[in-house]
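An overview of the molecular structure
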Amino acid sequence: MRRVVCPGSFDPITNGHLDIIGRSARLYDEVTVAVLINVEKSSLFTVDERIEILQTVTKDFSNVTVRKFHGLLVDFCKQNDIPAIVKGIRVVSDFDYELQMAQLNYRLSGVETLFMPTNPEYSFLSSSRVKEIARYGGDVSGLVPDLVHKLLIERLRG
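This text gives an overview of the structure that appears in the document. Keep in mind that what you see is a predicted model, and the values were worked out from it rather than measured.

According to the stated counting rule, one finds two aromatic pairs in the structure shown. Note on Phe69 and Phe76: the rings are 5.4 Å apart at their centroids and 40° apart in plane angle, and the pair reads as tilted. Relative accessible area serves as the criterion here: at 4%, Phe76 is assigned to the buried category. The interplanar angle of 70° and the centroid separation of 5.4 Å between the aromatic rings of Phe95 and Phe115 together place this pair among those described as edge-to-face. Of this pair, Phe95 sits in helix H4 (residues 92–109) while Phe115 sits in strand S5 (residues 112–117); the two residues are 20 residues apart in sequence, bridging distant segments of the chain. Its relative accessible area of 30% is what places Phe115 among the partly exposed residues.

Grouped together as the largest cluster of nonpolar side chains are 34 residues, with contacts concentrated most on Ile13, Ile21, Leu54 and Leu152. Of all the secondary structure elements, the ones that give two or more residues to this core are strand S1 (3–8), helix H1 (15–27), strand S2 (30–36), helix H2 (47–57), strand S3 (64–69), strand S4 (84–89), helix H5 (127–135) and helix H6 (146–157). The biggest single contributor to this core is H2, with five residues. Sequence-distant contacts of Leu152, that is, excluding residues within four places in its chain, are made with Pro12, Leu44, Phe45, Val130, Ala134, Val140, Val144 and Arg157.

Before going further, it helps to examine the packing of H5 against H6. The geometry of H5 relative to H6 is characterised by a closest axis approach of 10 Å and an angle of 55° between their N-to-C directions. With respect to H6, the axis of H5 lies oblique. H5 and H6 meet at a crossing whose hand is right-handed. In this structure, H5 uses Val130, Lys131, Ala134 and Arg135 to contact H6, whose residues at the interface are Leu152, Leu156 and Arg157. Class assignment for the residues of the contact of H5 with H6 results in four nonpolar, no polar and three charged.

Next up on the list: the packing of H2 against H6. The axes of two packed helices give the description: the angle between them and the distance between them. In the contact formed by H2 and H6, the axes pass within 10 Å of each other and the chain directions differ by 150°. Of the possible angle classes, the one that applies to H2 and H6 is roughly antiparallel. Along its contact with H2, which presents Glu49, Ile53, Thr56 and Val57, the element H6 presents Leu147, Val148, Leu151 and Arg155. Its residues assigned to classes, the contact of H2 with H6 comprises five nonpolar, one polar and two charged.

Cis peptide bonds are those with omega within 30 degrees of zero, and the linkage from Asp11 to Pro12 qualifies with 0°. Examined against the element boundaries, Pro12 turns out to sit in the loop between S1 and H1. A positive phi angle is found at Phe10, which is not glycine, with a value near 55°. Considering the arrangement of structural elements, one finds Phe10 in the loop between S1 and H1. The buried category is assigned to Phe10, whose relative accessible area is 5%. The phi dihedral of Asp81 is positive, around 55°, even though this residue is not glycine. Within the secondary structure, Asp81 sits in the loop between helix H3 (73–79) and S4.

Once that is clear, we can look at the pattern of salt bridges. Close approach of charged atoms allows side chains of opposite charge to pair. This model, assessed by the stated rule, comprises ten salt bridges. The shortest N-O distance in the salt bridge between Glu30 and Arg3 comes to 2.8 Å. Highlighted residues: Glu30 in strand S2 and Arg3 in strand S1, separated in sequence by 27 residues. For Arg3, a relative accessible area of 23% translates into the label partly exposed. A salt bridge links Lys68 to Asp48, with the shortest nitrogen-to-oxygen separation between them at 3.2 Å. Of this pair, Lys68 sits in strand S3 while Asp48 sits in helix H2; the two residues are 20 residues apart in sequence, bridging distant segments of the chain. Within the structure, one salt-bridge network assembled from shared partners comprises Arg3, Glu30 and Asp81.

Conventions adopted
Residues numbered from 1 in each chain as written. Predicted model: local features only at pLDDT ≥ 70, side-chain atom pairs only at ≥ 80, totals over all residues. Heavy atoms only, no water. Phe/Tyr/Trp six-rings, centres within 6.5 Å; stacked < 30°, edge-to-face > 60°. Buried < 20%, exposed > 50% of the residue type's maximum accessible area, 1.4 Å probe, protein only. Helix = DSSP H or I, 4+ residues; strand = E, 2+ residues; numbered from the N terminus. Core = buried A, V, L, I, M, F, W, Y, C linked by side-chain atoms within 4.5 Å. Contact = heavy atoms within 4.5 Å. Axes fitted to C-alpha atoms, helices over the stretch in contact; angles between N-to-C directions. Parallel < 35°, antiparallel > 145°, perpendicular 65-115°, else oblique. Left-handed = near helix turned anticlockwise from the far one by under 90°. Nonpolar A, V, L, I, M, F, W, Y, C, P; charged D, E, K, R; others polar. Salt bridge = Lys/Arg side-chain N within 4 Å of Asp/Glu carboxyl O.

So this is what it looks like as structure tokens:
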């Protein structure tokens, strides 16, 4: 059984995230989407809301599960017998940061990190940019799943 984890805060999930999750689901037997609990970070959606959203938008992938975690990702991987992490890479600066994390994670635990280049259609996309655009009334349809678009409008424009 080939298992992998796709970690992140997913606040909110974008079509770029969904693309990486879907491509991972085609390559691996089991994909766990791990939602980071970060109490030091102010989030638009609660962890439970993000989990519910992720479960809804990934429901067509029978081999994808969504779970939350806090602490070290490599500890989560060890506890769940997951030998590898998949990280989407948009630009060179992502690679610089993620390579250091990958090397540290491997040194700590032996967990491998696999880099998946982002679809060029989403290379500019990030959750923080989506929130900023939506906050100022910009159109983020096409950048996020329809459910997320609806929820963003409700949450930010109330």
